[in-house]
Amino acid sequence: MIRIARADLDWLLPAGADLDVVTAAWYNGTLAPIPVGRLWDAIQLPKHLGWPTLNCLHRARHSVGASLQGSSYFYVLVPPGGAAIWKAPATVALSRGDKLAVPDPAQQVPLTPSSRTWIIPPRLPLALSNPTALRNAYLAARREASPNI
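Residues numbered from 1 in each chain as written. Predicted model: local features only at pLDDT ≥ 70, side-chain atom pairs only at ≥ 80, totals over all residues. Heavy atoms only, no water.

For this particular structure, what's the right way to read the overall build of the protein?
When helices and strands are counted, the protein shows 4 helices and 7 strands. When the helices and strands of the protein are listed from N to C terminus, the series reads α-α-β-β-α-β-β-β-β-β-α. In summary, the protein has a C-alpha radius of gyration of 15 Å against a globular reference of 15 Å for 149 residues, a match within 12%. A principal-axis box enclosing the C-alpha atoms of the protein has dimensions of 50 × 30 × 25 Å. Expressed as a percentage of its 149 residues, the buried residues of the protein come to 47%. Residue pairs in contact within the protein that sit at least 24 positions apart in sequence constitute 71% of those at least 6 positions apart. Of the roughly 7600 Å² that the protein leaves accessible, carbon and sulfur atoms contribute 54%. The averaged location of the 8 negative side-chain charges in the protein is 9 Å from the averaged location of its 14 positive side-chain charges. (Helix = DSSP H or I, 4+ residues; strand = E, 2+ residues; numbered from the N terminus. Rg over C-alpha atoms; globule rule 2.2 N^0.38 Å. Buried < 20%, exposed > 50% of the residue type's maximum accessible area, 1.4 Å probe, protein only. Contact = heavy atoms within 4.5 Å. Areas by Shrake-Rupley, 256 points an atom, 1.4 Å probe, with all protein chains shown as cover. Lys, Arg positive; Asp, Glu negative; His and termini not counted. Charge placed at Lys NZ, Arg CZ, Asp CG, Glu CD.)

So this is what it looks like as structure tokens:
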């Protein structure tokens, strides 16, 4: 039986998550739907540019907040309102009214038993990426991957 640490649950109530639904999903080894837009927004990046984007953020000396990788996409959590100012090709900004299906925060890279794995798990105080720095890093990673764009 899976044990969920208290630190892995503390961020869920401020996010507006239903703890019963979340813990049931995680106990069953599935993803749990967490509301977006209250505690954080999320930016969906193409998977092939996820790690290069995080590397560009790191090289520019910006902190990388909670983020996860999926089978097709990377998700980076940004402060609420960050999705409203987000504009970048081949990305999706998730905000209030959206939900993001996430694994138990104990599922971290390189552990990948589900379709999504945390790179940096959410824990209070919640570390979030700066959306402007993230956009600049993403665009730099895109240019490095395809210099002709």
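So much for the structure itself; the text now carries on.
Can you help me understand helix H3 (residues 47-59) in this one?
Since the α-helix advances by 3.6 residues per turn, residues separated by three or four positions end up pointing in the same direction. The terminal C-alpha atoms of H3 lie 19 Å apart, and with 13 residues this matches the ideal 18 Å at 1.5 Å per residue to within 8%. Along H3, the residues classified as buried are Leu49, Gly50, Thr53, Leu54, Cys56 and Leu57. Along the long axis of H3, the arc covered by the buried residues comes to 160 degrees, so they all point the same way. Of the residues in H3, the exposed ones pointing more than 90 degrees away from the buried face are His48, His58 and Arg59. (Expected span 1.5 Å × (residues − 1). Arc of directions from axis to C-beta.)

I keep staring at the packing of aromatic side chains and nothing clicks. Help me out?
Any pair of aromatic rings gets described here by the distance separating the centres and the angle formed by the planes. For the structure on display, the rule yields 4 aromatic pairs. Summarising the aromatic geometry, the rings of Trp11 and Trp40 are spaced 6.5 Å apart at their centres and angled 40 degrees between planes, so their arrangement reads as tilted. Residue Trp11 is found in the segment before helix H1 (12-15), and its partner Trp40 is found in the loop between strand E1 (32-35) and strand E2 (41-46); the two are separated by 29 residues along the sequence. Summarising the burial analysis for this pair, Trp11 and Trp40 share the class buried. Ring pairing ties together the aromatic residues Trp11, Trp40 and Trp118, which thus form one cluster. (Phe/Tyr/Trp six-rings, centres within 6.5 Å; stacked < 30°, edge-to-face > 60°.)

In this structure, what is going on with helix H2 (residues 19-27)? I would like to understand it.
Those residues of H2 that sit buried are Val22, Thr23, Ala25 and Trp26. In a view along the axis of H2, the buried residues occupy a sector of 160 degrees, so they form one face of it.

Would you mind showing me how to read the sheet that holds strand E5 (residues 92-94) here?
Strand pairs in the sheet, formed through backbone hydrogen bonds, run parallel or antiparallel to each other. Spatially, 5 strands are ordered E5-E2-E4-E3-E7 in an open sheet, and the strand pairing comes out antiparallel. On the outer flanks of this sheet lie E5 and strand E7 (116-120), each paired with one strand and no other. Across this sheet, the average inter-strand angle for adjacent strands is 25 degrees, counted without regard to direction. When E2 meets E5, the two strands line up antiparallel, connected through 3 bridges. (Pairing = 2+ DSSP bridges. Axes fitted to C-alpha atoms, helices over the stretch in contact; angles between N-to-C directions.)

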